[in-house]
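# Report on the structure
Next come the chains, spelled out residue by residue.
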Amino acid sequence: MYKFIKNLLKKRTQFFNAEEDNPMKKFLIVGLGNIGEKYENTRHNIGFKVLEHFAKKEDVTFETQKLGDLATYKLKGRTFIFLKPNTFMNLSGKAVLYWLTKEKIPLENLLVITDDLNLAFGTIRLKTKGSDGGHNGLKDIQAKLNTTKYNRFRFGISDAFSKGRQIDYVLGEWNDDEKDKLPERLDKSVELIKSFVLAGVNNTMNAFNGK
């Protein structure tokens with residue numbers, strides 16, 4: 001009888017370990033941005049901002065590891081691995097590829113959060129593929145992964161800048177009106193990320209795109 005119970009417990013332990021190691025239950029959520037205090041509240045850093053908002057709401061702490069700051073969050077049997085690359089925006093792909101490989105996470109479980117000039121401020125849109133749209137962070141990720149078919153969460157920052165002022169605009173800080181509206185948009189972004197992991201990309205696109 002003792003041997004039977006021991007074997008049963010052993011099998012249960014193996015089952016739980018297999019659940020924890022199941023790559024389909026792990027997701028890499030990458031927020032794009034630039035490290036350093038001067039970039040902290042810029043439009044270009046919305047990827048960092050979204051992950052930091054999520055971490056604050058759920059009492060999750062980031063730790064500096066190889067190629068970035070990482071945090072882990074678990075919900076309903078799924079593991080969210082949050083990554084803020086410390087390679088600067090233009091070399092984001094190096095960190096993404098490293099952590100995808102290290103954690104054995106399938107490409108379909110990757111979500112990259114980025115700013116988008118082509119969307120009105122606060123508009124959120126999830127896509128499963130697409131071009132880099134001139135975004136240097138996405139350009140490097142595409143080059144390192146050798147594909148344009150990966151999930152990206154585009155957060156609109158609008159294109160309210162005069163000709164030749166694009167760099168100043170994306171590296172500029174939010175105006176007062178945007179600051180007032182940002183908390184609600186960040187809450188909605190957290191909901192989108194949870195939906196992506198729990199309900200899947202197609203259901204999430206239907207529920208959140210343009211909202």
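For clarity, every value in this text was computed on a predicted model and none was experimentally measured.

Rules and cut-offs
Numbering of residues begins from 1 in every chain and follows the order in which that chain's sequence is written. Predicted model: local features are reported for residues with pLDDT of at least 70 only, side-chain atom pairs are reported and counted for 80 or more only, and whole-chain, interface and lining totals are derived from all residues. Excluding hydrogens and water, the side-chain values take into account all heavy atoms of the structure. One requirement defines pairing of two strands: DSSP has to find at least two bridges between them. Only DSSP runs of H or I with at least four residues qualify as helices, and only runs of E with at least two residues qualify as strands; both kinds are numbered from the N terminus onward. Only C-alpha atoms enter the line fits that serve as axes; for helices the fit covers just the stretch in contact. Angles between N-to-C directions range over 0 to 180 degrees. Working rule for angles: under 35 degrees goes down as roughly parallel, over 145 as roughly antiparallel, 65 to 115 as roughly perpendicular, anything else as oblique. In this scheme, a crossing is called left-handed if the near helix is turned counterclockwise away from the far one by less than a right angle; it is called right-handed if the turn is clockwise. Only heavy atoms matter for contacts: two residues are in contact if any of them lie within 4.5 Å across the pair. Any residue under 20% of the maximum accessible area for its type is buried, any over 50% is exposed, and the rest in between are partly exposed; the area is computed with a 1.4 Å probe on protein chains only. For salt bridges, the criterion is a side-chain nitrogen of Lys or Arg within 4 Å of an Asp or Glu carboxyl oxygen. A patch is a set of surface residues, each over 30% in relative accessible area and not in a salt bridge, joined within 9 Å for like charges and within 5 Å for the nonpolar side chains Val, Leu, Ile, Met, Phe, Trp and Tyr. Where accessible areas are quoted, they stem from the Shrake-Rupley method and a 1.4 Å probe; at the residue level, only the protein chains shown are allowed to cover. Charge convention: Lys and Arg are scored as positive, Asp and Glu as negative, and His as well as the terminal groups of each chain are ignored. Positions of charges follow a simple convention, taking NZ of Lys, CZ of Arg, CG of Asp or CD of Glu. The predictor attaches a confidence to each residue, and that confidence, scored 0 to 100, is pLDDT.

Moving on, we come to the sheet that holds strand E3 (residues 68-75). The sheet built from 7 strands is open, its strands ordered E2-E3-E4-E1-E5-E7-E6 with mixed pairing. What marks the edges here is a single partner per strand, and that holds for strand E2 (63-65) and strand E6 (124-127). The mean inter-strand angle of the sheet, taken between neighbouring strand axes irrespective of direction, is 25°.

This part covers the packing of helix H3 (residues 92-102) against helix H4 (residues 136-145). At a closest axis distance of 7 Å, the pairing of H3 and H4 adopts a crossing angle of 45°. As judged from the angle between their axes, H3 and H4 are oblique. As for the relative orientation of H3 and H4, their crossing is right-handed in sense. Residue-level inspection shows Ser92, Gly93, Lys94, Val96, Leu97 and Leu100 of H3 in contact with H4, the latter providing Gly137, Asp140, Ile141, Lys144 and Leu145.

This next bit is on the environment of lysine 66. Assignment of secondary structure puts lysine 66 in the loop between E2 and E3. Under the relative-accessibility criterion, lysine 66 is labelled partly exposed at 48%. Remark: the alpha-carbon pair of lysine 66 and alanine 95, spanning 29 residues in sequence, is separated by 8.0 Å. In contact with lysine 66, not counting residues within four places along its chain, are Tyr98 and Trp99.

For the rest of this paragraph, the subject is unusual backbone geometry. A positive phi angle, close to 65°, is found at leucine 67, a residue other than glycine. For leucine 67, the location among the structural elements is in the loop between E2 and E3. In the Ramachandran plot, phenylalanine 88 falls in the positive-phi region, its phi being about 70° despite a non-glycine side chain. The residue phenylalanine 88 is located in the loop between strand E4 (78-85) and H3 in this model.

Using the criterion set out here, one finds 11 salt bridges in the structure. With a closest N to O distance of 2.8 Å, glutamate 103 and lysine 26 form a salt bridge. Here the residue glutamate 103 occupies a position in the loop between H3 and strand E5 (110-116), and lysine 26 occupies one in strand E1 (residues 26-31), the gap between them amounting to 77 residues. With a relative accessible area of 14%, lysine 26 lands in the buried category. Of the charged contacts in the structure, one is a salt bridge between lysine 144 and aspartate 140, with a shortest N-O distance of 2.9 Å. Here lysine 144 and its partner aspartate 140 are both found in helix H4, 4 residues apart, which amounts to about one turn of the helix.

With that out of the way, let us pick up a positive patch on the surface. A cluster of basic residues, Lys66, Lys94, Lys102 and Lys104, forms a positive patch on the protein surface. Within the secondary structure, lysine 102 sits in helix H3.

The next point concerns the pairing of E3. With 3 bridges connecting them, E2 and E3 associate as antiparallel partners. By the bridge assignment, glutamine 65 is partnered in E3 with glycine 68. Between E2 and E3, which pair antiparallel one after the other, the connecting turn spans 2 residues, and leucine 67 there sits at a positive phi close to 65°. For E3 and E4, the ladder comprises 8 bridges, and the chain directions are antiparallel. Counterpart to tyrosine 73 in the pairing with E4 is phenylalanine 80.

The next thing to look at is the confidence of the model for the protein chain. The predicted model of the protein chain has a mean per-residue pLDDT of 89, with 89% of residues at 70 or higher. Per-residue pLDDT stays below 50 along residues 1-20; that stretch engages in 2 contacts with residues further than four places along the chain or on separate chains.

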